[in-house]
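Observations on the three-dimensional arrangement
Here is how the chains run, residue by residue.
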Protein chains: 2
Amino acid sequence: MKDLKRTKIKELLDAPVIGKKVNVKGWVRTFRNNQFIAINDGSTINNIQGVVDFENTDEKLLKRITTGACISVTGDLAESKGKGQSVEIIVENIEILGDADPEKFPLQPKKHSLEFLREIAHLRVRTNTFSAIYRIRHAMIFAVHKFFTDRGFYNVHTPIITGSDAEGAGEMFRVTTLDPANPAKDEDGNINYKEDFFGKETNLTVSGQLEGETACMGLSEIYTFGPTFRAENSNTSRHLAEFWMIEPEMAFYDINDNMDLAEAFVKYLVNYALDNCSDDLAFLNQRALDDEKTKPQQERSELSLLERLKFVAENDFERVTYTEAIDILRNSKPNKKKKFQYLIEGWGADLQSEHERFLVEKHFKKPVILYNYPKDIKAFYMRQNDDGKTVAAMDVLFPGIGEIIGGSQREERYGILKQRIDEIGIPEKDLWWYLELRKFGSAPHSGFGLGFERMIQFVTGMTNIRDVIPFPRTPDNAEF
Amino acid sequence: MKDLKRTKIKELLDAPVIGKKVNVKGWVRTFRNNQFIAINDGSTINNIQGVVDFENTDEKLLKRITTGACISVTGDLAESKGKGQSVEIIVENIEILGDADPEKFPLQPKKHSLEFLREIAHLRVRTNTFSAIYRIRHAMIFAVHKFFTDRGFYNVHTPIITGSDAEGAGEMFRVTTLDPANPAKDEDGNINYKEDFFGKETNLTVSGQLEGETACMGLSEIYTFGPTFRAENSNTSRHLAEFWMIEPEMAFYDINDNMDLAEAFVKYLVNYALDNCSDDLAFLNQRALDDEKTKPQQERSELSLLERLKFVAENDFERVTYTEAIDILRNSKPNKKKKFQYLIEGWGADLQSEHERFLVEKHFKKPVILYNYPKDIKAFYMRQNDDGKTVAAMDVLFPGIGEIIGGSQREERYGILKQRIDEIGIPEKDLWWYLELRKFGSAPHSGFGLGFERMIQFVTGMTNIRDVIPFPRTPDNAEF
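Residues numbered from 1 in each chain as written. Chains lettered and ligands numbered in written order. Predicted model: local features only at pLDDT ≥ 70, side-chain atom pairs only at ≥ 80, totals over all residues. Heavy atoms only, no water.

**Structural notes on the overall build of chain A**
Scanning chain A from N- to C-terminus turns up 14 helices and 16 strands. Scored against the burial criterion, the 480 residues of chain A give a buried share of 59%. Summarising the internal contacts of chain A: among those between residues at least 6 apart in sequence, 68% fall at separations of at least 24. When the accessible surface of chain A is totalled, it reaches about 20000 Å², and 45% of it is carbon and sulfur. Each charge sign in chain A was given a centre, from 63 positive and 75 negative side chains, and these centres are 5 Å apart. (Helix = DSSP H or I, 4+ residues; strand = E, 2+ residues; numbered from the N terminus. Buried < 20%, exposed > 50% of the residue type's maximum accessible area, 1.4 Å probe, protein only. Contact = heavy atoms within 4.5 Å. Areas by Shrake-Rupley, 256 points an atom, 1.4 Å probe, with all protein chains shown as cover. Lys, Arg positive; Asp, Glu negative; His and termini not counted. Charge placed at Lys NZ, Arg CZ, Asp CG, Glu CD.)

**Digging into the sheet that holds strand S2 (residues 36–40) of chain B**
A barrel is described by the order of its strands in space; here five strands give the closed sequence S1-S2-S3-S5-S4 (chain B), paired in mixed fashion. Taken over all neighbouring pairs, the strand axes of this sheet differ in orientation by 55° on average, direction set aside. (Pairing = 2+ DSSP bridges. Axes fitted to C-alpha atoms, helices over the stretch in contact; angles between N-to-C directions.)

**Structural notes on the interface of chain A and chain B**
The accessible area lost on association of the parts is a frequent measure of interface size. Opposite the 112 residues of chain A that make contact, chain B presents 113 residues. Both faces considered, chain A and chain B share a buried interface measuring about 8700 Å² in area, 65% of it formed by carbon and sulfur atoms. Summed over the shared surface of chain A and chain B, the number is four salt bridges. One salt bridge connects B:Arg6 with A:Glu221, and the closest N-O pair in it is separated by 3.9 Å. Summed over the shared surface of chain A and chain B, the result is 50 residue pairs in polar contact (both at pLDDT 80 or more). Element by element, the count of residues in the side of chain A that touches chain B is highest for helix H4 (residues 128–150) of chain A, at 10 residues. By residue class, the composition of the side of chain A that touches chain B is 55 nonpolar, 30 polar and 27 charged. As defined by bridge partners, strand S8 (residues 174–176) of chain A adjoins strand S8 (residues 174–176) of chain B across three bridges and the pair is classed as antiparallel. Residue pairing in the sheet places A:Thr176 in a bridge with B:Arg174 of S8(B). (Buried area = accessible area lost by both parts, 1.4 Å probe. Salt bridge = Lys/Arg side-chain N within 4 Å of Asp/Glu carboxyl O. Polar contact = N/O pair within 3.5 Å; in protein donor to acceptor, adjacent residues only side chain to side chain. Nonpolar A, V, L, I, M, F, W, Y, C, P; charged D, E, K, R; others polar.)

**Looking at the pairing of strand S3 (residues 48–51) of chain B**
Residues and elements named next belong to chain B. Side-chain alternation along S3 places Ile48 and Gly50 on one buried face and Gln49 and Val51 on a second face that is also buried. Pairing geometry for S2 and S3, over four bridges, is antiparallel. Bridge pairing in S3 places Ala38 opposite Gln49.

**Details of the state of the cysteines**
Counted according to the given criterion, the structure contains zero disulfides over all chains. Of all cysteine sulfurs, the one in B:Cys216 lies closest to A:Cys70, which takes part in no disulfide; the gap is 9.9 Å. (Disulfide = S-S within 2.5 Å.)

**Considering the side chain of A:Arg124**
Residues and elements named next belong to chain A. Along the chain, Arg124 turns up in the loop between helix H3 (114–119) and H4. Looking at Arg124, the relative accessible area reads 0%, which means it is buried. Of the polar contacts made by the side chain of Arg124, one reaches the side chain of Asp467; its length is 3.3 Å. The residues touching Arg124, leaving out its near neighbours within four places in the chain, are Leu117, Arg118, Phe130, Tyr134, Arg466, Asp467, Ile469, Pro470 and Pro472.

**Some words on the packing of aromatic side chains**
Residues and elements named next belong to chain B. For the coordinates displayed, the defined rule picks out 55 aromatic pairs over all chains. Against the face of Tyr268 rests Arg151, its NZ or CZ located 5.8 Å from the ring centre. Directly above the aromatic system of Tyr434 lies the positively charged group of Arg438, at a separation of 4.1 Å from the ring centroid. (Phe/Tyr/Trp six-rings, centres within 6.5 Å; stacked < 30°, edge-to-face > 60°. Lys NZ or Arg CZ within 6 Å of the ring centre and 35° of its normal.)

**Concerning empty space enclosed by the protein**
Inspection of every chain in the model, using the stated rule, returns nine cavities of 30 Å³ or more. Approximately 110 Å³ is the volume attributed to the largest cavity. Surrounding the largest cavity, 14 residues form its lining, A:Arg174, A:Pro180, B:Arg174, B:Asp179 and B:Pro180 being those nearest its centre. When residues of the lining of the largest cavity are traced back to their parent elements, those giving at least two are S8 of chain A together with S8 of chain B. (1 Å grid on protein atoms, 1.4 Å probe; cavity = no way out; pocket = protein on both sides within 12 Å on 5 of 7 lines; lining within 4 Å. Points joined across faces, edges and corners; volume = space filled by probe spheres on them.)

**Observations concerning the relation of the copies chain A and chain B**
Put simply, the two copies of the chain differ by a rotation about an axis and a shift along that axis. Relative to chain B, chain A is turned by 180° and slid 0.0 Å along the rotation axis, the superposed coordinates differing by an RMSD of 0.0 Å. Such a turn and shift between the copies fits a two-fold axis. Considering only C-alpha atoms, the residue of chain A closest to the rotation axis is A:Val175, which sits at 2.5 Å. Both copies contact each other with a shared surface, as 100% of the interface residues of chain A are interface residues in chain B too. (Least-squares fit on C-alpha atoms with pLDDT ≥ 70 in both.)

**Regarding the pattern of salt bridges**
Within this structure, the stated rule accounts for 62 salt bridges over all chains. Ionic pairing is found between B:Lys21 and B:Glu92, a salt bridge with its closest N-O pair at 2.5 Å. Placement of the pair is B:Lys21 in strand S1 (residues 21–32) and B:Glu92 in strand S5 (residues 87–98), with a sequence separation of 71 residues. B:Lys21 gets classed as partly exposed once you look at its relative accessible area, which sits at 34%. Within this structure, A:Asp260, A:Glu263, A:Lys267, A:Asp316 and A:Arg319 form a network of salt bridges that share partners.

**Side note on unusual backbone geometry**
Residue and element names in this part refer to chain A. At Asn34, a position not held by glycine, the phi torsion is positive, near 55°. Along the polypeptide, Asn34 turns up in the loop between strand S1 (21–32) and strand S2 (36–40). Positive phi, normally seen in glycine, also occurs at Asp476, with a value near 65°. Relative to the helices and strands, Asp476 resides in the segment after helix H14 (452–460).

**Quick look at helix H9 (residues 322–330) of chain B**
Residues and elements named next belong to chain B. Among the residues of H9, Tyr322, Ala325, Ile326 and Leu329 are the ones counted as buried. Buried residues of H9 fall within an arc of 100° about the axis and therefore sit on the same side. Contacts made by the buried residues of H9 are with strand S12 (318–321), helix H10 (333–336), helix H11 (353–363) and strand S13 (368–374). (Arc of directions from axis to C-beta.)

**Some points on the environment of B:Ser86**
All names here are of chain B. Of note, Ser86 is situated in the loop between strand S4 (70–79) and S5. For Ser86, a relative accessible area of 45% translates into the label partly exposed. Spatially, the C-alpha atoms of Ser86 and Pro16 are 8.9 Å apart, while their sequence positions differ by 70 residues. When sequence neighbours within four positions are dropped, the list of residues in contact with Ser86 reads Ala78, Glu79 and Ser80.

**Quick notes on the confidence of the model for chain A**
On average, residues of chain A score 95 in pLDDT, and 99% of them reach the 70 mark or higher. Interface predicted TM-score (ipTM) for the complex: 0.97; the corresponding pTM is 0.97. (pLDDT = per-residue confidence, 0-100.)

**Concerning the sheet that holds strand S15 (residues 402–410) of chain A**
All names here are of chain A. Spatially, eight strands are ordered S6-S10-S11-S16-S15-S14-S13-S12 in an open sheet, and the strand pairing comes out mixed. A strand with exactly one partner marks an edge of an open sheet, and here the two such strands are strand S6 (154–155) and strand S12 (318–321). Sheet topology note: the S6/strand S10 (residues 221–229) ladder contains two bridges and is parallel. Within S10, the residue paired with Asn155 across the bridge is Tyr223. Where helix H5 (residues 209–219) meets the sheet, it contacts S6, S10, strand S11 (242–251), S15 and strand S16 (445–451), and its direction lies at approximately 30° from that of S11.

**As for helix H11 (residues 353–363) of chain A**
Among the residues making up H11(A), those that are buried are A:His355, A:Glu356, A:Phe358, A:Leu359 and A:Val360. After H11(A) finishes, the residue A:Lys365 shows a positive phi value of roughly 55°.

**Quick look at the packing of helix H8 (residues 305–314) of chain A against H14(A)**
Residue and element names in this part refer to chain A. Orientation of H8 relative to H14, taken along the N-to-C sense of each, is 120°, at an axis distance of 8 Å. With respect to H14, the element H8 is oriented oblique. Of H14, the residues touching H8 (which contributes Leu305, Arg308, Leu309 and Val312) are Phe458, Val459 and Thr460. For the contact of H8 with H14, the residue count by class is five nonpolar, one polar and one charged. (Parallel < 35°, antiparallel > 145°, perpendicular 65-115°, else oblique.)

**A few points about the side chain of B:Asn335**
Residues and elements named next belong to chain B. Here Asn335 is to be found in helix H10. The buried category is assigned to Asn335, whose relative accessible area is 8%. When neighbours within four sequence positions are excluded, Asn335 is seen to be in contact with Leu329, Arg330, Phe340, Leu343 and Ile344.

Following this line, the structure appears as structure tokens:
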């Protein structure tokens, strides 16, 4: 018996061999009537049932089969008479690998709030909801690499610690080994960063884009996939201080090629989830439906989770210029009736999430790609259009999520880029290498960034971003 | 002509269609006799030759075809009469996308030192050596995900910023938003970390292992793949302050299962490189051979790069207990002749890299897995063996690299782990969640860590670790 190799529950359920002796190891979800153990090992959301001959089993052992205990079960696989499962294990031998005292184990078989589960992030992976989310998150990670690898892109690990703070995407975390109580100082009494580990002030990256561009100017098509950071005091359900981003950069792509790639990419991810995570998605779909029932009618979604995913996979995204969008918004009901918090009065206004949601959810009722934004509300590296006032920027807007992708064609012309950098006052010494890309063998190129957790929110239907990353980092919270 | 879609050079060379009109975009490597352009676009190490009808081409244009310039070339694909290539493009139209002034562009067609190239990390991707390394690095990234995904493992993103400093793997970088010149202080005049972004002192992670263990205790088999950090002042060819690690953690694996997985994993990576990166490996193999010719005979490797890779892929690793290794080392020639810097006198000694190299390169002449180390020289979380003095630790040692993998069976018994934590004085409040894994449904489990850059060094044959990561971070260096 000792030598019988463990089989994963997913394997058993995918291709059951009735009558075969099997060993399963996992955690007890429930134990009913001193007889039926629901065992889960994380390989699938589905449990396997172990049927215990309780009359011939030591009572002390039976008492240790509690929710959360880890057990090893051996027995023959049989067709199940119970509903909801096709096969079960007729238990011959059971071993307790690790007890879970029912008085102390916090995950009893009842509904726990997501807030409570965040406090026990080391244990929430043992619930159906979170194991489903983490399996889907894995599937999406793999799909990202597969999508780009199949297209000849190369993954580039851009630096996490950066000496360059020119990107300007947000507030940064300082990285240091200086003694905080007594830092090295120079003659003028200022902090002497020459004494810091890297000999200068360093921060955690807010984006790998600029370094990614250097790589695409030799490898043609690259992508980054790594952690990025924002030291912003935003305690919302949409913000994390530490999150993962995917940033492809492509030589020889203009803004249209860029939009084509972005749309193909997110559709691929959604289709990959539909094809490979059907059990987990079915569970999360039902979970969301149950959740909706507790809400008043007008707050419920028009589409279920699965319907939303299929809708995105099957429909072309609407491509709309910023100028067209402003026209639509200016003439919209909520603008005329002054229902928007920020009323749209004219061209040049920065769009708020209420406007994006109106366009996506009310007007077009599908994902929207907005492009050609006013240059003054966009970043210095975006390519200036011939009209002299817009840049070739694009944002992909999703229902319920808002901006999920932001990108642009990059300014490849040395003179125009240099002028823009001077205008906004970035010292050239911080960007000499970025400018050199335009001095030596420059080429039209484009890229975008996808916030990975926003994408996982969309695919899982989870409304709080803290529930789609294993250990969320937010203001005042870096537990574990 | 404008609408002809660009074809990647790799595609053209893999399946050439003679007579077809094609468009290629890329960077000029060389331009010979005003006629032959070697063009590279990073999709492969191989260039395509464009043949220019120089008599009918504007002389001003010809002058702009210089090494490093970015061009777009259109013409018919023809069989090549030149040697070293099967096909070439008979150029009909050529467009300069970006010039490269030969007086200023630093990458002229001659051999540059690796040290020089590190200073222009934003451009070195345009050399054969570095584009080959980065393509192989990508292939290895994909292979890591494929290996684990095919086996039902889930990738888990463990936190980069951590409030826990219990792992003890090395010196840490502090992450902070406190004003360095004037940090918040408490009543006693100490730094008041409650005012810092996370409400406590936080650092960059040195390992995702402990958090990874929480995930394997619900999903069974997981792996991490992310950046890790060491604030150690080591200016060597083997150390980086920022590097990537892969850390699988598996429930229900003992130390033997762990060794089996580690061996299968690195063999898979090596085989994947041999199968998928043959052009790049052939180039690096030749590069290393040329390099060796400049060295005295006794410093040359016995095996070429390709031979070393095949050797690892085809041979079982030697599994040796620490105790056996000490016996071998004690009776070895260099120990008896006092050639080791650290002489091996008895059981309990920590092994130095000279000892590991002797075992791997001289004694066994193959990769070695050392296991069952004295508990006093290993980490607190490693499982104690029944002998009372060793732990179920393992290190995989590679020729030329030394330790490439370190791992262990983890201590799953609450009482023994708690005692060990108390012995070495880690406050329980820092590890309450780690201890709880052993309170609730504990199980035997194991894991290991692979230093990704060490692996890339082995696969590419590069001797300095700064050459296998795009933007190396080392003491006094965080450029770009």
